[in-house]
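Single-letter residue listing:
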Amino acid sequence: MSQQFPNNFLWGGAVAANQVEGAYLTDGKGLSTSDVQPKGIFGGVVERVAGDSGIKDVAIDFYHRYPQDIKLFAELGFSCLRTSIAWTRIFPQGDELEPNEAGLAFYDRLFDEMAKYNITPLVTLSHYEMPYGLVINHGGWGSRQTIEFFERYARTVFQRYQHKVKHWLTFNEINMSLHAPLTGVGLPEDSSPQAVYQAIHHQLVASAKAVKACHEIIPDAKIGNMLLGGLLYPLSSKPEDVMETLQQNREWLFFGDVQVRGSYPAYMKRFFADRGIDITITAEDRSALKSTVDFISFSYYMTGCVTTDEELNQKARGNILSMVPNPHLPSSDWGWQIDPQGIRILMNELYDRYQKPLFIVENGLGAYDKPDADGAINDDYRIAYLNDHLVQIGEAIADGVEVLGYTSWGPIDLVSASKAEFSKRYGFIYVDRDDEGNGTLERRRKKSFYWYQGIIQSNGASL
Ligand code: BG6
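The notes below deal with the structure included here. What you see is a predicted model, and the numbers here were worked out from it, not measured in a lab.

In this section: the sheet that holds strand 5 (residues 222–228). Taken in spatial order, the 8 strands line up as 1-2-3-4-5-7-11-12 and close into a barrel, and their pairing is parallel. Averaged over neighbouring strand pairs, the angle between their axes works out to 25° when direction is ignored. Pairing between strand 1 (residues 10–14) and strand 2 (residues 80–84): 3 bridges, direction parallel. Note that in strand 2 the partner of G12 across the bridge is C80. Packing against the sheet, helix 12 (residues 340–354) makes contact with strand 7 (295–299), strand 11 (358–362) and strand 12 (403–409), and its axis sits at approximately 155° to strand 7. Sheet strands touched by helix 13 (residues 380–399): strand 1, strand 11 and strand 12. Its angle to strand 12, the strand with the most contacts, is close to 170°.

In structure tokens form, the structure reads like this:
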């Protein structure tokens, strides 16, 4: 590929606190929604008892092993690492007035370690793990007061890390609350659309308030939103299918429309009316929403199809979204459809719609890795997946789309979000652990490690 990636393009990987750190009660951390779902987002809620151990309690022990892991990321050539701050390390129950110093100190150590290698942190304020205390004592994002709690948390970390972190994201995959209400907005899974949309509204206001606070406290920082890029195609060219696809794409683009344009899009009026949804939006909310993001970040794993034909409407459960499979595409070990061109289409659509820079903050292949007899992991399937997607990203850049960077998901193996599996691996770095939690946690470089190192070194020219 000819040189298409800009010289200041940020290359790296992305992880989330609850999927790597472990140390789930260490140094004063409180329980999060992730901690009470030890089997993952779709695994149900359990009462946690002391000493009980879910796989995420240790995860890959990044809380203690981060110096070794950051060194490996530096060896890969990373100029950027996306991670999240666990809200519960800073405000363990969520509603305290003062933050937990031990939690703040941990992220100081982590960002200092990254700085040693010139790795730019890209930090998500909330990645699938709000304080469980807010859920049980305040009704999660159903309560307007949660906006205040979040703003206090956001202001605290902006103040504390203002000289260390200049790239921020508000809520991970904010559009997935529609499919996983507890993880997204701290509401019971069977909540009504009315309740979920009211909670989403509170979260959108909180996101905008965090944008404003970030601009005030760190004037040279950039802050973005984060969407699950769930692009849908019509299964046929029937106008009914095309119209239904437009509607279903709007269900997730709605979040971007509010966060980028600063107000509710016109189509939501009818959407709410058709469903009997009537949410409270105050004048103060409308004014708060005007603080819009500097860039749009998104995850991209797959696309899906939409049909109005009942019989064909056999949806496959992906991660969070259920989508009708595309007959023209192959699938991963987990049934996620592989569509490299889809990322180019999505990038063009987002850029046409918003004219703001994009940041691809998740993309990757979850697969079973089987070490050879000599222990080597020859993950050619992962190399092929990433290579094909990066080629299409290069094409989107050539199409004129402005892109700040690319952080592949899970550069080091971690616990999967949907089902808390360990056998679903995304990494360039293998971690010795299995689904039952057995293993030494030793780190090993896979074949893809050397491949990605070469891509970064050549700034994408070796694709
Ligand atoms: C995204 C999430 O939905 O997909 C990540 O932001 C998650 O947290 C990733 O890990 C992949 O999903 P899974 O279920 O394979 O871990």
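Still more ground to cover, so stick around.
A separate point is the pairing of strand 3 (residues 120–126). Of all 7 residues that make up strand 3, 6 are buried, and the element is covered over most of its length. Note that strand 2 and strand 3 share 5 bridges and pair parallel. Bridging from a neighbouring strand, C80 pairs with T120 of strand 3. Inspection of the sheet shows strand 3 paired to strand 4 (residues 167–171) by 4 bridges, in the parallel sense. Opposite V123, over in strand 4, you have W168 as the bridge partner.

Another point: the packing of aromatic side chains. Applying the stated criterion to the full structure yields 35 aromatic pairs. On the basis of an interplanar angle of 70° and a centroid distance of 4.7 Å, the ring pair of F106 and Y107 is categorised as edge-to-face. Here Y107 falls in the buried class, since its relative accessible area comes to 0%. Ring plane angle 65° and centroid distance 5.3 Å describe the contact between F449 and Y450, whose orientation is recorded as edge-to-face. For F449, a relative accessible area of 0% corresponds to the buried category. Y450 sits in the partly exposed class, given a relative accessible area of 48%.

A few words now on the nonpolar core. Counting residues in hydrophobic clusters, the biggest one holds 140 residues, and the most contacted among them are F158, W168 and Y452. Ranked by residue count, the leading element in this core is helix 8 (residues 193–217), at 13 residues.

On to the site of the ligand. The environment of the ligand is formed by 15 residues, the closest being E173, A417, S418, K424 and Y426. Separating an oxygen atom of the ligand from a side-chain N or O atom of E362 is a distance of 2.7 Å. At a separation of 2.6 Å, an oxygen atom of the ligand approaches a polar side-chain atom of Y426. Class assignment for the residues of the shell around the ligand results in 6 nonpolar, 6 polar and 3 charged.

Turning our attention to the environment of P67. Structurally, P67 can be placed in helix 2 (residues 62–76). Its relative accessible area of 31% is what places P67 among the partly exposed residues. For the pair P67 and L122, spaced 55 residues apart in sequence, the C-alpha separation works out to 17 Å.

This brings us to the side chain of N249. For N249, the position within the fold is in helix 9 (residues 239–261). Residue N249 is classed as buried on the basis of its relative accessible area of 10%. With near-sequence residues (within four places) excluded, N249 lies in contact with G230, L231 and L232.

Turning to the state of the cysteines, a few remarks are in order. On inspection of all chains with the given rule, the structure shows 0 disulfides. Residue C214 stays outside any disulfide, its sulfur separated by 15 Å from that of C80, the closest cysteine.

Rules behind the numbers
Residues numbered from 1 in each chain as written. Predicted model: local features only at pLDDT ≥ 70, side-chain atom pairs only at ≥ 80, totals over all residues. Heavy atoms only, no water. Pairing = 2+ DSSP bridges. Helix = DSSP H or I, 4+ residues; strand = E, 2+ residues; numbered from the N terminus. Axes fitted to C-alpha atoms, helices over the stretch in contact; angles between N-to-C directions. Contact = heavy atoms within 4.5 Å. Buried < 20%, exposed > 50% of the residue type's maximum accessible area, 1.4 Å probe, protein only. Phe/Tyr/Trp six-rings, centres within 6.5 Å; stacked < 30°, edge-to-face > 60°. Core = buried A, V, L, I, M, F, W, Y, C linked by side-chain atoms within 4.5 Å. Near = heavy atom within 4 Å. Polar contact = N/O pair within 3.5 Å; in protein donor to acceptor, adjacent residues only side chain to side chain. Nonpolar A, V, L, I, M, F, W, Y, C, P; charged D, E, K, R; others polar. Disulfide = S-S within 2.5 Å.

In short, shape yes, function no, at least from these values alone.
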